[in-house]
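What follows is the residue order along each chain.
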Amino acid sequence: MSPRAACRLESLGFTDVYDYAAGKVDWLAHNLPIEGAAASSPTAGSCLRHDVPTAGPEEALAAVRARVDASPYRFAFVVAGDRTLLGRLRHAALEAAPGTAAAHEAMESGPSTLRPQVALAAVESHLRDHHLTYAIITDPEGHLLGTVHRDDLTGTTGSPSR
């Protein structure tokens, strides 16, 4: 049906028409813009933080530790060149491992993630139920989009969760 709908829109004079074959859920999961009644519903993708330190898998921990120490966070994410999330480096691991070690050697592999289309109420419930201060948000291919913090959901102010 989608190709026919796109063709019909073009026949009506619309010029910016696309046939997104992957579907609506995939579109939402990539945090792409939406219109309509649901567009104003708050989702994880609507309040992403993008300032968490990241590191490449082969990067020396000393360099990562310096970035984490200069940030309001006590962790960093290890990402591939295309921003695929590989793992998380907690501050304790950064302190314990030798500074010359590579990030992939000290990271926790495969941290739990959520998709950007998850309703904020569900994110808040997830954080509360699992005693977490933040959620990691990725797209379906595992690319890091950002984080959502409990402080942002409850309306409290202050420094980002550590």
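Cut-offs and rules
- Residues numbered from 1 in each chain as written.
- Predicted model: local features only at pLDDT ≥ 70, side-chain atom pairs only at ≥ 80, totals over all residues.
- Heavy atoms only, no water.
- Core = buried A, V, L, I, M, F, W, Y, C linked by side-chain atoms within 4.5 Å.
- Buried < 20%, exposed > 50% of the residue type's maximum accessible area, 1.4 Å probe, protein only.
- Helix = DSSP H or I, 4+ residues; strand = E, 2+ residues; numbered from the N terminus.
- Contact = heavy atoms within 4.5 Å.
- Patch = residues over 30% accessible without salt bridge, like charges linked within 9 Å, V, L, I, M, F, W, Y side chains within 5 Å.
- Areas by Shrake-Rupley, 256 points an atom, 1.4 Å probe, with all protein chains shown as cover.
- Salt bridge = Lys/Arg side-chain N within 4 Å of Asp/Glu carboxyl O.
- Arc of directions from axis to C-beta.
- Lys, Arg positive; Asp, Glu negative; His and termini not counted.
- Polar contact = N/O pair within 3.5 Å; in protein donor to acceptor, adjacent residues only side chain to side chain.
- Phe/Tyr/Trp six-rings, centres within 6.5 Å; stacked < 30°, edge-to-face > 60°.
- Pairing = 2+ DSSP bridges.
- pLDDT = per-residue confidence, 0-100.

**Observations regarding the nonpolar core**
In terms of nonpolar packing, the biggest core is built from 13 residues, with Leu61, Val64, Leu89, Leu94 and Ala103 touching the most fellow members. Contributions of two or more residues to this core are made by helix H3 (61-69), strand S2 (75-79) and helix H5 (103-106). If one sorts the elements of this core by residue count, H3 sits on top with 3 residues. Not counting the four nearest positions on each side in its chain, Leu61 is found in contact with Leu89, Leu94, Ala97, Pro98, Gly99, Ala101, Ala102, Ala103 and Ala106.

**Focus: a nonpolar patch on the surface**
Taken together, Leu9, Leu12 and Phe14 make up a surface patch of nonpolar side chains, about 290 Å² in accessible area. Relative to the helices and strands, Phe14 is located in the loop between helix H1 (2-11) and helix H2 (24-29).

**Notes on the environment of Ala119**
The topology assignment puts Ala119 in the loop between strand S5 (113-114) and helix H6 (120-129). In this structure, the C-alpha to C-alpha distance between Ala119 and Ala44, residues 75 residues apart in sequence, is 6.2 Å. Sequence-distant contacts of Ala119, defined by excluding residues within four places in its chain, comprise Pro42 and Thr43.

**Quick look at H3**
Restricting attention to buried positions, one finds in H3 the residues Leu61, Val64 and Val68. Along the axis of H3, the buried positions cluster into a sector of 60 degrees, meaning they face one direction only. On its buried face, H3 sits against strand S1 (54-55), S2, strand S3 (85-90), helix H4 (91-96) and H5.

**Describing unusual backbone geometry**
At Arg83, a residue that is not glycine, the phi angle is positive and equals roughly 75 degrees. Tracing the backbone shows Arg83 in the loop between S2 and S3. Phi is positive for His131, which is not a glycine, with a value near 55 degrees.

**Here's the deal with the side chain of Asp139**
Tracing the backbone through its elements, the reader meets Asp139 in the loop between strand S6 (134-138) and strand S7 (144-149). Here Asp139 sits buried without a salt bridge, and the closest side chain of opposite charge, Arg115, lies 6.3 Å off (N-O distance). Among the polar contacts listed, one links the side chain of Asp139 to the backbone nitrogen of His143, at a separation of 3.0 Å. Dropping the residues within four chain positions of it, Asp139 is found in contact with Ala29, His30, Arg115 and Leu145.

**Section: the packing of aromatic side chains**
For any pair of aromatic rings, the description rests on two quantities: the centre-to-centre distance and the angle between the ring planes. According to the stated counting rule, one finds 3 aromatic pairs in the structure shown. The structure contains a cluster of three or more aromatic residues connected by ring pairs, namely Tyr73, Phe75, Phe77 and Tyr134.

**Section: the sheet that holds S1**
The strand order S1-S2-S3-S4 describes an open sheet built from 4 strands, whose pairing is mixed. Strands at the two margins of the open sheet, each flanked by one partner only, are S1 and strand S4 (108-109). Pairing of S3 with S4, which is carried by 2 bridges, proceeds in the antiparallel orientation. Looking across to S4, one finds that Gly87 is bridged to Ser109.

**Structural notes on the confidence of the model for the protein chain**
Chain-level pLDDT for the protein chain is 86 on average; 92% of the residues reach the 70-or-more range. Throughout residues 156-162 the model reports pLDDT below 50, and contacts reaching past four residues in sequence, or to other chains, amount to 15 contacts.

**Points about the sheet that holds S6**
Where strands meet in a sheet, backbone hydrogen bonds hold them as pairs that are either parallel or antiparallel. Taken together, 3 strands build an open sheet; the order of strands is S5-S6-S7 and the sheet is mixed. The open sheet has two edge strands with one neighbour each: S5 and S7.

**Quick word on the pairing of S3**
Alignment of S2 against S3, held across 5 bridges, turns out to be antiparallel. In the strand pairing of S3, Phe75 is matched with Arg90. Hairpin geometry of S2 and S3 is characterised by an intervening segment of 5 residues between the two adjacent antiparallel strands and by a positive phi of about 75 degrees at Arg83.

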